[in-house]
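This is what each chain is made of:
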Amino acid sequence: MTVSATTTTTAATATTAAVNAEVLRPHAEDAFADELKALAAADDRPRPERWRLSPWAVATYLLGGALPDGTVITPKYVGPRRLVEVAVTTLATDRALLLLGVPGTAKTWVSEHLAAAVSGDSTLLVQGTAGTPEEAVRYGWNYAQLLAHGPSRDALVPSPLMRAMSEGMTARIEELTRIPADVQDSLITILSEKTLPLPELGQEVQAVRGFNVIATANDRDRGVNELSSALRRRFNTVVLPLPATPEAEVDIVSRRVDQVGRSLDLPPAPDGLAEIRRVVTVFRELRDGVTTDGRTKLKSPSGTLSTAEAISVVTNGLALAAHFGDGVLRPGDVAAGILGAVVRDPAADRVVWQEYLETVVRERDGWKDFYRACREVSV
């Protein structure tokens, strides 16, 4: 019996869809496989060595657009187009990319989608923490093999960066500034010489064409290890800003809440946009230290009140509305989440929040129900 390539492809697609339906958070290359496939089919522009898409197609995948065949590419990032173009162009050179910004500016999200579009694999990841060892950046050892047969390639356990170098892929490093300084410095040779020495074997791994690194970092968290000037020079830095306008932030929150809600099987909330807009307004005013109309100066709390936190607050509100309400997103569903996001320091932040409630929320037209809900959870 002969099985056609079309039948095999259809079966594989069905299997992937079934797996994605069971996974809580599919990788970007799986969740948006159809868009990546459509872009690859329509992409007739030059592609760097081992890239799945051309730089133009990668930028289109991130920013969204419509293809000639009618396929709609959903935006993954809402922000300045030039920043995305610079980031993509950097990856097409031999310089690594550092995405810098305050928490919640979609650094991890952009990093994952860039790797998915460029290499078709976003999983070559080093997660930066205060305890990240050098082996996570370079390589480790299978100690059973090492003791039985001594140092050899079979006993060596490659890091995600080593795999990316060998295969011409894009590696990701999350929270680079949380990694200890001595471990950070092990990146210098990799990024400058494109070589990873294996002194135990008297060998080295040389990066093949297509290899590059995307790192993310912010300077708001405690426990930050500043990058040395030697390491910083190996990166081209792109700063991802907070959303420029309330409308842009509402759009981002709405899109992500819809995606997260569908993955969690939460029913869509009718008229939820009004509450999303209210959450975004509260976060922006407290973050900026001034009301939207510019008339009242405000004290800002200690937290960042990022877009990512707004997404979390609204998603939790949707879950409350679905499981303990009538399915309609109301002020009472988001009030507790907002309180938790604003009041990080129980003493100082609570004063900031109470002042904001009494001087701004209480007096704002159409916000009486929101004021009452916030007062109930603030007592």
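The structure we're discussing is the one just above.
Fair warning: this is a prediction, and the values are worked out from it, not measured in the lab.

**Regarding the layout of surface pockets**
Line of reasoning, step 1. Within this model, the second largest pocket holds a volume of roughly 640 Å³.
Line of reasoning, step 2. Lining of the second largest pocket is provided by 35 residues; of these, Gly104, Thr105, Ala106, Trp109 and Ile311 occupy positions nearest its centre.
Line of reasoning, step 3. When contributions to the lining of the second largest pocket are tallied by element, the ones reaching two or more residues are helix 6 (107–119), helix 12 (246–263) and helix 14 (307–324).
Line of reasoning, step 4. Looking at the lining of the second largest pocket, the element that brings in the most residues is helix 12, giving 6 residues.

**Some thoughts on the nonpolar core**
Line of reasoning, step 1. One finds Val282, Phe283, Ile338 and Trp353 to be the most contacted residues of the largest nonpolar core, which totals 36 residues.
Line of reasoning, step 2. Taken together, the elements giving at least two residues each to this core come down to helix 12, helix 13 (272–288), helix 14, helix 15 (331–342), helix 16 (348–361) and helix 17 (368–378).
Line of reasoning, step 3. With near-sequence residues (within four places) excluded, isoleucine 338 lies in contact with Val279, Val282, Phe283, Val313, Trp353 and Phe370.
Line of reasoning, step 4. Core analysis: the next-biggest nonpolar cluster, separate from the first, contains 34 residues, Met169, Leu176, Leu201 and Val213 among them.

**Considerations on the packing of helix 13 against helix 14**
For any two helices packed against each other, one specifies the inter-axial angle together with the distance between the axes.
Line of reasoning, step 1. Viewed as axis vectors pointing N to C, helix 13 and helix 14 meet at an angle of 145°, and their least axial separation amounts to 10 Å. Note that helix 13 runs across helix 14; the crossing there is right-handed. Taking contact as the criterion, the partners of Ile276, Val279, Phe283 and Arg287 in helix 13 are, on helix 14, Thr307, Glu309, Ala310, Val313 and Val314.

**Things to note about the side chain of threonine 177**
Line of reasoning, step 1. Mapped onto the fold, threonine 177 is located in the loop between strand 7 (170–174) and helix 9 (181–184).
Line of reasoning, step 2. Its relative accessible area of 7% is what places threonine 177 among the buried residues.

**Some words on helix 12**
For an α-helix the count is 3.6 residues per turn, leaving residues at separations of three or four pointing the same way.
Line of reasoning, step 1. Compared with the 26 Å implied by 1.5 Å per residue over 18 residues, the 26 Å span of helix 12 between its first and last C-alpha is a close match.
Line of reasoning, step 2. Inspection of helix 12 places Glu249, Val250, Ile252, Val253, Val257, Gln259, Val260 and Gly261 among the buried residues, and these make up the whole buried set.
Line of reasoning, step 3. Residues of helix 12 that are buried in the fold lie against helix 6, helix 13 and helix 14.
Line of reasoning, step 4. Aspartate 265 sits one or two residues past helix 12 and shows a positive phi near 60°.

**Some points on empty space enclosed by the protein**
Line of reasoning, step 1. Under the defined criterion, the tally for this structure stands at 1 cavity of 30 Å³ or more.
Line of reasoning, step 2. The computed volume of the largest cavity comes to approximately 50 Å³.
Line of reasoning, step 3. As for the largest cavity, its lining consists of Leu62, Tyr77, Leu83, Val84, Ala87, Leu99, Val110, Leu114 and Leu240.
Line of reasoning, step 4. When contributions to the lining of the largest cavity are tallied by element, the ones reaching two or more residues are helix 5 (81–91) and helix 6.
Line of reasoning, step 5. At 3 residues, the largest contribution of residues to the lining of the largest cavity is made by helix 5.
Line of reasoning, step 6. Looking at side-chain class alone, the lining of the largest cavity contains 9 nonpolar, no polar and no charged residues.

**Digging into the packing of aromatic side chains**
Line of reasoning, step 1. Within the structure shown, the criterion is met by 4 aromatic pairs.
Line of reasoning, step 2. Ring plane angle 80° and centroid distance 6.4 Å describe the contact between phenylalanine 32 and tyrosine 61, whose orientation is recorded as edge-to-face. Pair noted here: phenylalanine 32 is in the loop between helix 2 (28–31) and helix 3 (33–42) and tyrosine 61 is in helix 4 (residues 55–63), with a separation of 29 residues, a long-range link. With respect to burial, phenylalanine 32 and tyrosine 61 carry one shared label: buried.
Line of reasoning, step 3. Between tyrosine 139 and tryptophan 141, the aromatic rings sit 5.9 Å apart at their centres with planes inclined by 90°, giving edge-to-face as the arrangement.
Line of reasoning, step 4. By relative accessible area, tyrosine 139 is classed as buried at 6%.
Line of reasoning, step 5. Positioned above the aromatic ring of tyrosine 61, the side-chain terminus of lysine 76 is 4.1 Å from the ring centre.
Line of reasoning, step 6. Above the plane of the ring of tryptophan 109 lies arginine 256, whose end atom (NZ or CZ) is 4.1 Å from the centre.

About the criteria used
- Residues numbered from 1 in each chain as written.
- Predicted model: local features only at pLDDT ≥ 70, side-chain atom pairs only at ≥ 80, totals over all residues.
- Heavy atoms only, no water.
- 1 Å grid on protein atoms, 1.4 Å probe; cavity = no way out; pocket = protein on both sides within 12 Å on 5 of 7 lines; lining within 4 Å.
- Points joined across faces, edges and corners; volume = space filled by probe spheres on them.
- Helix = DSSP H or I, 4+ residues; strand = E, 2+ residues; numbered from the N terminus.
- Core = buried A, V, L, I, M, F, W, Y, C linked by side-chain atoms within 4.5 Å.
- Buried < 20%, exposed > 50% of the residue type's maximum accessible area, 1.4 Å probe, protein only.
- Contact = heavy atoms within 4.5 Å.
- Axes fitted to C-alpha atoms, helices over the stretch in contact; angles between N-to-C directions.
- Left-handed = near helix turned anticlockwise from the far one by under 90°.
- Expected span 1.5 Å × (residues − 1).
- Nonpolar A, V, L, I, M, F, W, Y, C, P; charged D, E, K, R; others polar.
- Phe/Tyr/Trp six-rings, centres within 6.5 Å; stacked < 30°, edge-to-face > 60°.
- Lys NZ or Arg CZ within 6 Å of the ring centre and 35° of its normal.

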